[in-house]
Amino acid sequence: ETKDYFKVGSQYRLRTEYRHGYRTLSYDSLAGEAFVGQRTRLTLDYKKNKINVFASLQDSRTWGDEEMKKDIGGLQFNEAWMELSLPVRMTLKMGRQELAYDDHRILGNLDWANLTISHDAAILKYISPKEDLKIHLGGAYNHVGEPNVGTRYTLKNYKHLVFLWAKKDLKEQHSAISVLAVLNGMTPTDTLVKAAYSTYTAGPSFNYSNKGWSVALAGYFQGGETENNLSEEAYMLNSSIGYKKNKLFFGAGYDVLSGNSDNTAAGHTNNFNTLYATNHKF
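Residues numbered from 1 in each chain as written. Predicted model: local features only at pLDDT ≥ 70, side-chain atom pairs only at ≥ 80, totals over all residues. Heavy atoms only, no water.

Draft legend 1. Broad picture of the side chain of Asn109. Inspection of the secondary structure puts Asn109 in the loop between β5 (90-97) and β6 (119-127). Contact partners of Asn109, with chain neighbours within four places excluded, come to Glu98, Leu99, Ala100, His104, Thr116, Ile117 and Thr278. (Helix = DSSP H or I, 4+ residues; strand = E, 2+ residues; numbered from the N terminus. Contact = heavy atoms within 4.5 Å.)

Below, the structure written as structure tokens:
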């Protein structure tokens, strides 16, 4: 068992970017633009007996995006959570936290960006005595302020999120199998509808690594109803193989994501949504 501790950490990161046609095609008449992004973090990590408390205070900005001599608040909590040890090798983690599972294709923290993806959530965790099986059951429920009556959630976040993740290590075979299922509820675009529309995403992934070789396979199916009240039927398939020798790594991958076509029926969609992924990894 890890001993009690109190750790203080920090991060200062600068990145200069030049964008011309990023995210959308650029017209010939439009010039590119450069800017400097900055992220500063102070982290506090405390563990005593069966309680672990972590906080990550951050300031994210672009150089020059505030007028001088103006007091504009910029600090925020990237993470602020508490994890309690429970009986039967279980823990409960509550608060603002990053959710990063498997290869981040569905749930990732997007650490490349200055503002990463954080969730106000609670997660019940289990780890087996041999530590070869891990199970996480988590959920979140969002609202704006503290309303006294029923109101619509108007931000472009999910209204509710529920996920289940399980991973089994097969040490003799140098491999691991995991399963991820996510229920994602969004506020309907139709303002007359109050209840959230939910999609579900589920699928397994397999990873193998031995003697420098690595293989990864994954597949996900997506169904339910989108916020536009479209019936969803979509899929994503991922595969990759790699070899590492000394400090060199060679790899190749092939991914398939379903999408709409002229034959897609009205009221339906086949567009696969990667939800809260760290897409730039791929």
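Draft legend 2. The packing of aromatic side chains, seen in detail. This model, assessed by the stated rule, comprises 7 aromatic pairs. With centroids separated by 4.9 Å and ring planes inclined at 50 degrees, the aromatic side chains of Tyr101 and Trp165 adopt a geometry described as tilted. Pair noted here: Tyr101 is in the loop between β5 and β6 and Trp165 is in strand β8 (residues 160-170), with a separation of 64 residues, a long-range link. Note on accessibility: Tyr101 and Trp165 belong to one class, buried. Centre to centre, the rings of Tyr200 and Phe221 are 6.3 Å apart; their planes meet at 45 degrees, and the pair counts as tilted. Remark: Phe221 occurs in strand β11 (residues 213-225) and Tyr200 occurs in strand β10 (residues 197-210); sequence separation between them is 21 residues. One aromatic cluster in this structure is built from Tyr101, Phe163 and Trp165. Directly above the aromatic system of Trp81 lies the positively charged group of Lys93, at a separation of 4.2 Å from the ring centroid. The ring of Phe282 carries the charged tip of Arg105 above its face, separated from the ring centre by 3.7 Å. (Phe/Tyr/Trp six-rings, centres within 6.5 Å; stacked < 30°, edge-to-face > 60°. Buried < 20%, exposed > 50% of the residue type's maximum accessible area, 1.4 Å probe, protein only. Lys NZ or Arg CZ within 6 Å of the ring centre and 35° of its normal.)

Draft legend 3. Representation of the environment of Thr16 in the model. Checked against the element boundaries, Thr16 lands in strand β1 (residues 5-19). Expressed as a C-alpha distance, the spacing of Thr16 and Leu170, which sit 154 residues apart in the sequence, is 42 Å.

Draft legend 4. Inspection of the pattern of salt bridges at higher detail. Summed over the entire model, instances satisfying the criterion amount to 10 salt bridges. Two residues, Asp4 and Lys48, come together in a salt bridge whose shortest N-O distance is 3.8 Å. Remark: Lys48 occurs in strand β2 (residues 33-48) and Asp4 occurs in the segment before β1; sequence separation between them is 44 residues. Residue Lys48 is classed as partly exposed on the basis of its relative accessible area of 40%. Taking the shortest distance from any N to any O, the salt bridge between Arg105 and Asp255 comes out at 3.0 Å. Linking Arg105 in the loop between β5 and β6 with Asp255 in strand β13 (residues 248-257), this pair joins segments that are 150 residues apart in sequence. We classify Asp255 as partly exposed; its relative accessible area is 32%. Here the salt bridges do not stand alone but share partners, grouping Arg15, Glu17 and Arg19 into one network. (Salt bridge = Lys/Arg side-chain N within 4 Å of Asp/Glu carboxyl O.)

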